[in-house]
Amino acid sequence: MTGMTLYEFLLLAHVLGVVAWFGASLTMFLLWRRAVSSGNSSDVVAQAESAMWVDRRLTIPASLVVLLAGGWLMSEGNWGMDQGWLHVGMTGVFLGAGISLLWTGRLQRRLVSGTAAGGTVSRITFGMLATMGVVLFAFWAMVAKPWG
Ligand code: HEM
């Protein structure tokens, strides 16, 4: 049995970060849909609060691991900026996390503080789906490595 190289360790951390990020997003989305379809507004508010709790403890740290391990992999593996799939990955991290924090998170905070306007629930659902779509697109680009 051979030891692990730094590159392999970083790749493991990077991919585990992606797994945790996408897994947490999908789980929160399913629980959100469950709360919304219950028709009970206190369940919806409680679920928005739980999603923010999970974001702070799991999703945000996981996306930071993806970013940091990805950047380190680039320098360790001598990958250049001429690799189109890397641009997709970088855009994916900032766009995915940006939508979560600035769109979905902001609307969830409004819902929890009781200052939400009409349509907030479906806008939150849209934000969750948009982040998952972005993360999945980046996932595909990283594995298929197009425009390399
Ligand atoms: C700052 C952003 C990112 C950078 C700099 C980056 C960089 C890298 C690098 C250099 C590799 C190693 C490729 C290899 O050795 O073949 C890699 C692999 C990988 N990345 Fe990223 N990445 C980023 C974001 C993402 C995102 C957002 C996802 C998915 C949501 C992702 C998913 C993956 C996967 C699944 C692999 C393994 C692919 C394979 O081994 O063929 N990465 N990444």
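Reading the values: the criteria
- Residues numbered from 1 in each chain as written.
- Predicted model: local features only at pLDDT ≥ 70, side-chain atom pairs only at ≥ 80, totals over all residues.
- Heavy atoms only, no water.
- Near = heavy atom within 4 Å.
- Polar contact = N/O pair within 3.5 Å; in protein donor to acceptor, adjacent residues only side chain to side chain.
- Helix = DSSP H or I, 4+ residues; strand = E, 2+ residues; numbered from the N terminus.
- Nonpolar A, V, L, I, M, F, W, Y, C, P; charged D, E, K, R; others polar.
- Buried < 20%, exposed > 50% of the residue type's maximum accessible area, 1.4 Å probe, protein only.
- Contact = heavy atoms within 4.5 Å.
- Lys, Arg positive; Asp, Glu negative; His and termini not counted.
- Salt bridge = Lys/Arg side-chain N within 4 Å of Asp/Glu carboxyl O.
- Core = buried A, V, L, I, M, F, W, Y, C linked by side-chain atoms within 4.5 Å.

**Topic: the site of the ligand**
So, point 1. Around the ligand, a shell composed of 23 residues is seen, among which Tyr7, His14, Val135, Met142 and Lys145 lie nearest.
So, point 2. Separating a nitrogen atom of the ligand from a side-chain N or O atom of His14 is a distance of 2.8 Å.
So, point 3. Take Lys145: an N or O atom from its side chain is 2.9 Å from an oxygen atom of the ligand.
So, point 4. Of all the secondary-structure elements, those providing two or more residues to the shell around the ligand are helix H1 (6-38), helix H2 (41-76), helix H3 (84-113) and helix H4 (120-144).
So, point 5. If you tally residues by element for the shell around the ligand, the top one is H2, at six residues.
So, point 6. Here the shell around the ligand is built from residues that sort into 18 nonpolar, four polar and one charged.

**Re the environment of Leu111**
So, point 1. Tracing the backbone through its elements, the reader meets Leu111 in helix H3.
So, point 2. For Leu111, a relative accessible area of 14% gives the class buried.
So, point 3. For the pair Leu111 and Ala48, spaced 63 residues apart in the sequence, the C-alpha separation amounts to 7.4 Å.
So, point 4. For Leu111, the residues in contact, after removing those within four places along its chain, are Trp32, Val44, Val45, Ala48, Ala116, Thr120 and Ile124.

**So, the side chain of Asp55**
So, point 1. The topology assignment puts Asp55 in helix H2.
So, point 2. With no salt bridge to any partner, buried Asp55 finds its closest opposite charge in Arg109, at an N-O distance of 7.7 Å.
So, point 3. Residues in contact with Asp55, not counting those within four places in the same chain, are Ile60, Pro61 and Gln108.

**Description of the nonpolar core**
Nonpolar side chains in soluble globular proteins generally cluster together in the buried interior.
So, point 1. In terms of nonpolar packing, the biggest core is built from 14 residues, with Met28, Trp32, Val44, Leu111, Ile124 and Met128 touching the most fellow members.
So, point 2. Broken down by secondary-structure element, the contributors of at least two residues to this core are H1, H2, H3 and H4.
So, point 3. Among the elements that line this core, the one with the most residues is H1, at five residues.
So, point 4. Not counting the four nearest positions on each side in its chain, Met128 is found in contact with Met28, Phe29, Trp32, Thr104 and Gln108.
So, point 5. Within the second largest apolar cluster, six residues are counted, among which are Val18, Trp21, Val66 and Val93.

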